[in-house]
Amino acid sequence: MNERGLILGIETSCDETAAAVVERGARTLSSVVASQIKTHARYGGVVPELASREHLRAIVPVVRAALAEAGVALGDLNAIAVTAGPGLAGALLVGIAYTKGLAAALELPLIAVNHLEGHIHAVLLQSLPHGRSVIDDEPALALVVSGGHTHLYKVRRQERGAWSYRLMGRTVDDAAGEAFDKVAKLLGFGYPGGPWIDALARFGNPKAVPFAFAQIKTKAHLTGKVARTKAAKTAPIANLDPRFMFSFSGIKTAVLRYVELHGLRDEARQRAARLFAPGVEARPPQSREEAIALCPQQVIDLAASFQCAVVGDLMKKSFAAAESLGARRILVTGGVAANRELRERFSAEAKRRGVQVDFPSLAMSTDNAAMIAAAAWPRFLAGEFAEEKLSADPSMALGN
Ligand code: KG4
Ligand code: ZN
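Structure report, in brief. (Residues numbered from 1 in each chain as written. Chains lettered and ligands numbered in written order. Predicted model: local features only at pLDDT ≥ 70, side-chain atom pairs only at ≥ 80, totals over all residues. Heavy atoms only, no water.)

1. Regarding the pairing of strand 6 (residues 140-145)
Then comes step 1: Burial of strand 6 is extensive: six of the six residues sit out of reach of the surface.
Then comes step 2: Neither face of strand 6 is exposed, since Ala140, Ala142 and Val144 on one face and Leu141, Leu143 and Val145 on the opposite face are all buried.
Then comes step 3: With six bridges joining them, strand 6 and strand 7 (residues 150-157) adopt antiparallel strand pairing. By the bridge assignment, alanine 142 is partnered in strand 7 with tyrosine 153.
Then comes step 4: Hairpin connection of strand 6 to strand 7: four residues between the antiparallel strands. (Buried < 20%, exposed > 50% of the residue type's maximum accessible area, 1.4 Å probe, protein only. Helix = DSSP H or I, 4+ residues; strand = E, 2+ residues; numbered from the N terminus. Pairing = 2+ DSSP bridges.)

Take a look at the structure:
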């Protein structure tokens, strides 16, 4: 091979079409993301059929842009990496079919990457540039918290640069980001909801509405009937410690109840009609004045209370899991890791406990392809290439 170690990463698991070129799993030469937010916004969530169609439209120009930005020709590449799961089947297939064709035409190895492993590598790529060896001797605890996942992993570097992951806990129903999106939709805000709640919460009283998370008690409960959400399907839950399990469907219902009890429904509907009117480019409020112009203080306080409760629950379980491992490093990644309050409170608590917490940059917290190319590097070195029959695995689990 030529010595540059250039991997082209491609990601199409949900509603972003992304391509990136990363050198030796460590230096990002380009990272291009085409978001489909405008397509899905009016539905308040991702519409799978529309996502596949948009990926088909975007993939060729996005890959071209990533190569051009990196100053790399197709002939310079050493391998191509693609997200194989978890995600939307049709969306994943667009990326897989495209990369299979490209890899065959260029006679390059193809590397299949788990999207969750990608999110973990987004932090490793950015926070530990001088040798991920920081984690060599001790395990780290990773919280992957996004629109599809709320998963805790024990992360460890193995010999010869490979990584191992052990699932320690996860949500039994909705993912945290899903709860942000659903609550924002209920309150008449835009999609994705996380940035709206985040922006509003700055101006609200987080103690206005007392939300509580019930402790998930027994394993018997978990092996019973579990809601069939995207998040719930991506990993087995038997044998996991209930202390590290999450559930976000209850707080969503509690917000709904509050809205109905306080007669806030119509007001939210009117706001949604305003924000989604044709030609309106809605964006989250940037100041207190903009927040007040958008909704009553009661709704701002509700958003702040919801966010405070969710972040508190994520913190409690993440730090408990890290403590149980004796891990002194916590990696927080995925779309919800872009949340301002989450970053502040995790950082403050880590300082108090004398542990290290790392986040990706805001851009690398949400879906991108640099994290896919970075995660592929150890597999490239180990010669772990995808088989010709590679297909999408919508509920692909990570680790053991
Ligand atoms: O990682 P990501 O781009 O896609 C998935 O793999 O799901 O995460 C998207 C999720 C959405 O649910 C979105 O509302 C949430 O991340 N999100 C946030 C923030 N920015 C994005 N949640 C809370 N606060 C934010 N600032
Ligand atoms: Zn993601």
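2. Regarding the coordination of the zinc ion (ligand 2)
Then comes step 1: Surrounding the zinc ion (ligand 2) are the protein donor atoms His115 (NE2), His119 (NE2) and Asp367 (OD), at 2.0 to 2.1 Å.
Then comes step 2: Between the four donor atoms coordinating the zinc ion (ligand 2), the angles at the centre fall across 93 to 141 degrees, so the site counts as irregular.
Then comes step 3: Within one chain, the residues donating to the zinc ion (ligand 2) are spaced in sequence as H-x3-H-x247-D. Of the two residues, histidine 115 and histidine 119 are both situated in helix 4 (residues 115-127); the distance of four residues between them amounts to about one turn of the helix.
Then comes step 4: With a relative accessible area of 3%, histidine 115 lands in the buried category.
Then comes step 5: For histidine 119, a relative accessible area of 1% gives the class buried. (Donors = N, O, S within 2.8 Å, 3.2 Å for Na, K, Ca; no water. Tetrahedral: all angles 85-135°; square planar, octahedral: opposite > 155°, others 65-115°.)

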